[in-house]
Amino acid sequence: MLFRSKKRYEVRTAGDEVLKEKALPVPAITPEIRELAQRMIESMQIFDGIGLAAPQIGVSLRVVALDVPAAEDAAKLTQGELELCPQMPLVVVNPEILFASPEVGEREEGCLSVPDIYAPVTRPLRVMLRAQTLDGRLIECECGNLLGRCIQHELDHLDGILFVDRLTQEAAAEVARPLNQLLHYGSKHNFKRVKIK
Ligand code: ZN
């Protein structure tokens, strides 16, 4: 009889120390980094996310996986969406935001590390992203819409920041109870969500 071997995927949840650390830059794209990238893409897909940062699977390195659709309104598309969205799922290494637009906007965010909690976060509408791809290409482009938002959210993870750390007092009060429940639940389950597939 033939059995397909099952894989175990884990995502760390709010309260885990690794999510509070500043992740280290990747010195070189080695086979281990490619393996990490593959595991990140699989984890992002299995947990049904549009982005995942390496610390979310317990690895404190500056690596981000993205799977973001471009804006539907073609007139609103930024260069970043035109360049990057067709390549998704895409893993970027050592991403940086070179600058952010002065215009900001509010949008509801969620996070695989903060399951079932959603709240509005105000962020710049567009950011200039610089990053490296796994095949060593340098990306430098302006990213707006959902992509710009997702990049800012994921890069925050690399600096130990969760979206719930960026809420207004009012929004923080709204999620305080479920967030405390999540922290309590996490403390009893090693701050891990697990899926076997
Ligand atoms: Zn997140």
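Okay, so let's go over this structure. (Residues numbered from 1 in each chain as written. Predicted model: local features only at pLDDT ≥ 70, side-chain atom pairs only at ≥ 80, totals over all residues. Heavy atoms only, no water.)

**What to know about the environment of Gly160**
Phase 1: Examined against the element boundaries, Gly160 turns out to sit in the loop between α3 (145–158) and α4 (169–188).
Phase 2: Look at Gly160 and you get buried, because its relative accessible area is 16%.
Phase 3: With sequence-adjacent residues up to four places away left out, Gly160 is seen in contact with Leu19, Lys20, Glu21 and Asp165. (Helix = DSSP H or I, 4+ residues; strand = E, 2+ residues; numbered from the N terminus. Buried < 20%, exposed > 50% of the residue type's maximum accessible area, 1.4 Å probe, protein only. Contact = heavy atoms within 4.5 Å.)

**Here we look at the nonpolar core**
Phase 1: Formed by 21 residues in total, the largest nonpolar core has its most connected members in Leu66, Leu84, Met88, Leu147 and Ile151.
Phase 2: Only β3 (63–66), β4 (90–100), β7 (127–133), β8 (138–143) and α3 provide two or more residues apiece to this core.
Phase 3: The leading source of residues in this core is α3, at five residues.
Phase 4: Residues Ile41, Phe47, Ile57 and Ala65 belong to the second largest nonpolar core, which totals 20 residues. (Core = buried A, V, L, I, M, F, W, Y, C linked by side-chain atoms within 4.5 Å.)

**Focus: the coordination of the zinc ion**
Phase 1: Within the protein, Cys111 (SG), His153 (NE2) and His157 (NE2) serve as the donor atoms for the zinc ion, at 2.0 to 2.2 Å.
Phase 2: Sequence spacing of the donors to the zinc ion: C-x41-H-x3-H. Within this pair, whereas Cys111 is found in strand β5 (residues 104–111), its partner His157 is found in helix α3, the two being separated by 46 residues in sequence.
Phase 3: Assessed through its relative accessible area of 11%, Cys111 is described here as buried. (Donors = N, O, S within 2.8 Å, 3.2 Å for Na, K, Ca; no water.)

**Quick look at the pairing of β8**
Phase 1: Only one face of β8 is covered, namely the one carrying Ile139, Cys141 and Cys143; the face carrying Leu138, Glu140 and Glu142 has none of its residues buried.
Phase 2: In terms of strand pairing, β7 meets β8 through six bridges, oriented antiparallel. When the sheet's bridge partners are listed, Ala131 is paired in β8 with Ile139.
Phase 3: Between β7 and β8, which pair antiparallel one after the other, the connecting turn spans four residues, and Gly136 there sits at a positive phi close to 85 degrees. (Pairing = 2+ DSSP bridges.)

**Section: the layout of surface pockets**
Phase 1: Volume-wise, the largest pocket comes out at about 420 Å³.
Phase 2: Looking at the largest pocket, it is lined by 21 residues, and the ones nearest its centre are Ile50, Gly110, Cys111, Leu112 and Tyr118.
Phase 3: Those elements giving two or more residues to the lining of the largest pocket turn out to be β5, β6 (114–124) and α3.
Phase 4: Taken together, the residues of the lining of the largest pocket break down into eight nonpolar, five polar and eight charged. (1 Å grid on protein atoms, 1.4 Å probe; cavity = no way out; pocket = protein on both sides within 12 Å on 5 of 7 lines; lining within 4 Å. Points joined across faces, edges and corners; volume = space filled by probe spheres on them. Nonpolar A, V, L, I, M, F, W, Y, C, P; charged D, E, K, R; others polar.)

**Side note on the environment of Lys197**
Phase 1: Tracing the backbone shows Lys197 in the segment after β9 (192–196).
Phase 2: Classification of Lys197 as exposed rests on a relative accessible area of 52%.
Phase 3: The spatial distance from the C-alpha of Lys197 to the C-alpha of Glu42 is 10.0 Å, given a sequence separation of 155 residues.

**What to know about α3**
Phase 1: Here α3 is 14 residues long and its end C-alpha atoms lie 21 Å apart, about the 20 Å a rise of 1.5 Å per residue gives.
Phase 2: Counting buried residues along α3, 12 of its 14 residues qualify, which places the element largely inside the surrounding structure.
Phase 3: Every buried residue of α3 is listed here: Leu147, Gly148, Arg149, Cys150, Ile151, Gln152, His153, Glu154, Leu155, Asp156, His157 and Leu158.
Phase 4: Remark: Gly160 follows α3 within two positions and exhibits a positive phi of approximately 75 degrees. (Expected span 1.5 Å × (residues − 1).)

**Describing the state of the cysteines**
Phase 1: Going through the model one piece at a time under the given rule, you end up with zero disulfides.
Phase 2: In this model Cys143 remains outside any disulfide bridge; the closest cysteine sulfur is found in Cys141, 4.2 Å from its own.
Phase 3: Residue classification places Cys143 among the buried positions, given a relative accessible area of 0%. (Disulfide = S-S within 2.5 Å.)

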